[in-house]
Amino acid sequence: ICIPSALKVCCNFPETLKYLPSDKAVLTGSPIREELLQGDRLSGLTYAHLTASKPVLLVIGGSLGSVAVNTAVRNILPRLLPSYQVIHICGKGNLDESLIGTAGYVQYEYVDAPLKHLFAAADIVISRAGANSICELLALRKPNLLIPLSASASRGDQILNARSFERQGFSVVLEEEELNKEVLLNTINTLYENRDAYISAMKSSQQQNSIDTIVDLIESLT
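The rules behind these values
- Residues numbered from 1 in each chain as written.
- Predicted model: local features only at pLDDT ≥ 70, side-chain atom pairs only at ≥ 80, totals over all residues.
- Heavy atoms only, no water.
- Buried < 20%, exposed > 50% of the residue type's maximum accessible area, 1.4 Å probe, protein only.
- Helix = DSSP H or I, 4+ residues; strand = E, 2+ residues; numbered from the N terminus.
- Pairing = 2+ DSSP bridges.
- Axes fitted to C-alpha atoms, helices over the stretch in contact; angles between N-to-C directions.
- Core = buried A, V, L, I, M, F, W, Y, C linked by side-chain atoms within 4.5 Å.
- Contact = heavy atoms within 4.5 Å.
- Expected span 1.5 Å × (residues − 1).
- Arc of directions from axis to C-beta.
- Phe/Tyr/Trp six-rings, centres within 6.5 Å; stacked < 30°, edge-to-face > 60°.
- Lys NZ or Arg CZ within 6 Å of the ring centre and 35° of its normal.

Asker: Can you walk me through the pairing of strand β5 (residues 105–108) in this structure?
Answerer: A regular strand places its side chains so that they alternate between the two faces of the sheet. Side-chain alternation along β5 places Y105 and Q107 on one buried face and V106 and Y108 on a second face that is also buried. Alignment of strand β4 (residues 85–89) against β5, held across four bridges, turns out to be parallel. Residue pairing in the sheet places V86 in a bridge with Y105 of β5.

Asker: Quick question: what am I supposed to make of the sheet that holds strand β6 (residues 124–127) here?
Answerer: Two pairing modes exist for strands in a sheet, parallel and antiparallel, and in both the strands are linked by backbone hydrogen bonds. Spatially, the six strands line up as an open sheet ordered β5-β4-β3-β6-β7-β8, and their pairing is parallel. Lying at the two open borders of the sheet, with one neighbouring strand each, are β5 and β8 (171–173). Strand after strand, the sheet turns through a mean of 15 degrees between neighbouring axes, direction not considered. As judged from the five bridges shared by strand β3 (residues 56–60) and β4, these two strands associate in the parallel manner. Bridge pairing in β4 links L58 to I87.

Asker: Whenever I open this one, the nonpolar core confuses me. Can you help?
Answerer: In terms of nonpolar packing, the biggest core is built from 55 residues, with L80, I87, I126, L145 and I188 touching the most fellow members. The element best represented in this core is helix α7 (residues 181–193), accounting for five residues. Here I87 is in contact with A48, L50, V56, L57, L58, V59, V106, Y108 and L118, once residues within four sequence places are set aside.

Asker: In this structure, what is going on with the environment of L185? I would like to understand it.
Answerer: Inspection of the secondary structure puts L185 in helix α7. Looking at L185, the relative accessible area reads 8%, which means it is buried. Linking L185 and A121, residues 64 residues apart in sequence, is a C-alpha distance of 21 Å. Filtering out sequence-adjacent residues up to four positions away, L185 remains in contact with I76, R79 and L80.

Asker: Just checking my understanding: could you explain helix α9 (residues 210–221) for this structure?
Answerer: With 12 residues, α9 extends 17 Å from end C-alpha to end C-alpha; this agrees with the ideal 16 Å at 1.5 Å per step. Residues of α9 that are buried: S210, I214 and L217. Down the axis of α9, the buried side of the element spans an arc of 60 degrees, and every buried residue falls inside it. Opposite its buried face, α9 presents the exposed residues E219 and S220, each directed more than 90 degrees away. The inward-facing, buried residues of α9 contact β1 (9–11) and β2 (25–27).

Asker: Help me out: how do you make sense of unusual backbone geometry in this one?
Answerer: One can expect most non-glycine residues to show negative phi and most peptide bonds to be in trans. The phi dihedral of H49 falls on the positive side, at around 60 degrees, and the residue is not glycine. With respect to the helices, strands and loops of the structure, H49 is situated in the loop between α1 (41–48) and β3. Using a relative accessible area of 71% as the deciding quantity, one classes H49 as exposed. Here R141, not a glycine, exhibits a phi torsion of approximately 55 degrees, which is positive. By the secondary structure assignment, R141 is in the loop between α5 (131–140) and β7 (144–146).

Asker: Explain the packing of aromatic side chains here, please?
Answerer: With the rule as written, the count across this model stands at four aromatic pairs. Judged by centre distance (6.0 Å) and plane angle (65 degrees), the ring pair of F13 and F165 falls under edge-to-face. Here the residue F13 occupies a position in the loop between β1 and β2, and F165 occupies one in helix α6 (residues 157–167), the gap between them amounting to 152 residues. The same class applies to F13 and to F165, which are both buried. One aromatic cluster is present, formed by F13, F165 and F170 through successive ring pairs. The ring of Y192 carries the charged tip of R195 above its face, separated from the ring centre by 3.9 Å.

The following block contains the structure:
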């Protein structure tokens, strides 16, 4: 409804450009909370009581549809922990009391202010594929494994988001139907081994610095 009256239309994904008027469409990416860019790795490790001697895997299960991700990660913990430390944000009511005190594994229902430090501490991330979440991973240049909500449990938008980031070289994608212990573990290891390639792709993205891009666009039109 608004597009005919707009001078420019900003969008998150390159695939969206073909659906917008070519003289108005601008690929900007999504603005994120600037505070997330101010994290400190040592502060994150200290907050989570982890060390700097082993890679950190951050898992953001979230709340909606988190059970599949949480369960899949916990199922391979005995095989993950020899190689990684795991910070698991699992969603309200999803703590596993049997795992409290497990060396190298820390879980939280929710993290607010310290989240920026946990991101800074993370070497790789497992996440759902909501648009805001993955744009934060892009801005932070965190190599990531996306496990989108299934089409049966959503509109399918997370699958589209995830596949877009996969095509651009920012992410690895596993759909829920593909999840099993061996596939998940092998994918995590491959992601970590190739992390520099994902970081390089994210650094060259046109969807970086979206706030500056959008502000400059507004100022150029006023």
